[in-house]
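# Fold and geometry: a report
Spelled out, the chains give:
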Amino acid sequence: DSGVTQTPKHLITATGQRVTLRCSPRSGDLSVYWYQQSLDQGLQFLIHYYNGEERAKGNILERFSAQQFPDLHSELNLSSLELGDSALYFCASSARGDFIPGELFFGEGSRLTVL
Amino acid sequence: QKEVEQDPGPLSVPEGAIVSLNCTYSNSAFQYFMWYRQYSRKGPELLMYTYSSGNKEDGRFTAQVDKSSKYISLFIRDSQPSDSATYLCAMSAGGADGLTFGKGTHLIIQP
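Below is a summary of the structure that appears in this document. Note that the structure is predicted; figures quoted are calculated from it, not measured.

### Digging into the overall build of chain B
A tally of regular secondary structure across chain B gives zero helices and 11 strands. Helices (α) and strands (β) of chain B occur, in sequence order from the N terminus, as β-β-β-β-β-β-β-β-β-β-β. For a compact globule of 111 residues, the expected C-alpha radius of gyration is about 13 Å, and chain B comes in at 13 Å, within 12% of that figure. Principal-axis analysis of the C-alpha atoms gives chain B an extent of 40 × 30 × 25 Å. Relative to its 111 residues, chain B shows a buried fraction of 43%. Sequence separation of 24 or more characterises 55% of the internal contacts of chain B that already satisfy a separation of 6 or more. Working note: accessible area of chain B is about 5,200 Å², and carbon and sulfur atoms make up 47% of it. Computed over 10 positive and 11 negative side-chain charges, the inter-centroid distance for chain B is 4 Å.

### Some details on the nonpolar core
Counting 24 residues, the largest nonpolar core has Trp-35, Ile-72, Leu-74, Ile-76, Tyr-87 and Met-91 of chain B as the members making the most contacts within it. Elements that contribute at least two residues to this core include exactly strand S3 (19-25), strand S4 (32-38), strand S5 (45-51), strand S7 (61-66), strand S8 (71-76), strand S9 (85-92) and strand S11 (105-110) of chain B. The contacts of Met-91 of chain B, once residues within four sequence positions are left out, are Val-4, Cys-23, Tyr-25, Phe-30, Tyr-32, Phe-33, Met-34, Ile-72, Leu-99 and Thr-100 of chain B. In this structure, Cys-23, Leu-46, Ala-87 and Leu-112 of chain A belong to the second largest nonpolar core, which totals 20 residues.

### A word on the interface of chain B and chain A
Every contact between the two is made by 20 residues of chain B and, on the other side, 24 residues of chain A. Both sides together, the interface formed by chain B and chain A hides about 1,800 Å², and carbon and sulfur atoms give 57% of it. Where chain B packs against chain A, one counts one salt bridge. Among the salt bridges present, the one from Glu-108 of chain A reaches Lys-42 of chain B, with a minimum N-O distance of 3.3 Å. Our enumeration of links across chain B and chain A arrives at six residue pairs in polar contact (both at pLDDT 80 or more). Take the side of chain B that touches chain A: its biggest share by element is four residues, from S4 of chain B. Partitioning the side of chain B that touches chain A into residue classes produces 10 nonpolar, five polar and five charged.

### Describing the sheet that holds strand S1 (residues 5-7) of chain A
Residue and element names in this part refer to chain A. Spatial ordering of the open sheet is given by S1-S3-S8-S7, a layout of four strands whose pairing is antiparallel. Looking at the sheet topology across the chains shown, the edges are occupied by S1 and strand S7 (64-68). If you compare each strand with its neighbour and ignore which way they point, the axes differ by 15° on average. With three bridges connecting them, S1 and strand S3 (residues 19-24) associate as antiparallel partners. Note on S3: the bridge partner recorded for Gln-6 is Cys-23.

### Some details on the pattern of salt bridges
Applying the stated rule across the entire model yields nine salt bridges over all chains. Across the salt bridge formed by Arg-96 of chain A and Glu-103 of chain A, the nearest N and O atoms sit 3.3 Å from each other. A salt bridge links Glu-57 of chain B to Arg-77 of chain B; the shortest N-O distance between them is 3.5 Å. With a gap of 20 residues between them, Glu-57 of chain B in strand S6 (residues 54-58) and Arg-77 of chain B in the loop between S8 and S9 connect regions that are remote in the sequence. By relative accessible area, which is 59% here, Glu-57 of chain B ends up exposed.

Procedures and definitions
- Residues numbered from 1 in each chain as written.
- Chains lettered and ligands numbered in written order.
- Predicted model: local features only at pLDDT ≥ 70, side-chain atom pairs only at ≥ 80, totals over all residues.
- Heavy atoms only, no water.
- Helix = DSSP H or I, 4+ residues; strand = E, 2+ residues; numbered from the N terminus.
- Rg over C-alpha atoms; globule rule 2.2 N^0.38 Å.
- Buried < 20%, exposed > 50% of the residue type's maximum accessible area, 1.4 Å probe, protein only.
- Contact = heavy atoms within 4.5 Å.
- Areas by Shrake-Rupley, 256 points an atom, 1.4 Å probe, with all protein chains shown as cover.
- Lys, Arg positive; Asp, Glu negative; His and termini not counted.
- Charge placed at Lys NZ, Arg CZ, Asp CG, Glu CD.
- Core = buried A, V, L, I, M, F, W, Y, C linked by side-chain atoms within 4.5 Å.
- Buried area = accessible area lost by both parts, 1.4 Å probe.
- Salt bridge = Lys/Arg side-chain N within 4 Å of Asp/Glu carboxyl O.
- Polar contact = N/O pair within 3.5 Å; in protein donor to acceptor, adjacent residues only side chain to side chain.
- Nonpolar A, V, L, I, M, F, W, Y, C, P; charged D, E, K, R; others polar.
- Pairing = 2+ DSSP bridges.
- Axes fitted to C-alpha atoms, helices over the stretch in contact; angles between N-to-C directions.

Pasting the structure below:
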């Protein structure tokens, strides 16, 4: 158990809908990263928040947005969903704002299916 | 061309064999090189990491980085059925950006 909690574990929805995925980082961690894993693209970095502020942006679509709250949990909002958004969404947390190997921990993921 | 290339496999070998997994990359700025293991429907877990070029050994696992060739490898000795998983290489230039992953190699160790 990495200590990173993601909910929901599974989600099935329809095209055009909007969903919110939630991540609680490990106790004491200030950074939250979001990744998308699909069969086509593999594991891709979406966005990084540190202590409530956006720190870095990766391949995140405009239909997607994220935020980190004062209690440090983070939410990833996916809107106008398309079939191609079906994927595993992972959250990872670390204590610092810059990458340190060995200090990044992944959650178990949220599996999104868009029908 | 993707920044990180990794053969997706599957790679099937008998128990006890030496396994060689590798990735190539194009971004010269990468300094940290990681290998993650991912079991089905689970999150990636870090196996090993290397900073810059060189070798690193941890039990049955050896990681190698050749920055001049932009090529990294993971060797697994005395492979076990429990090593069956997807192995992902990942790289970072440091800083705030997320990791850049290969697509992963699905490894099957046959008892």
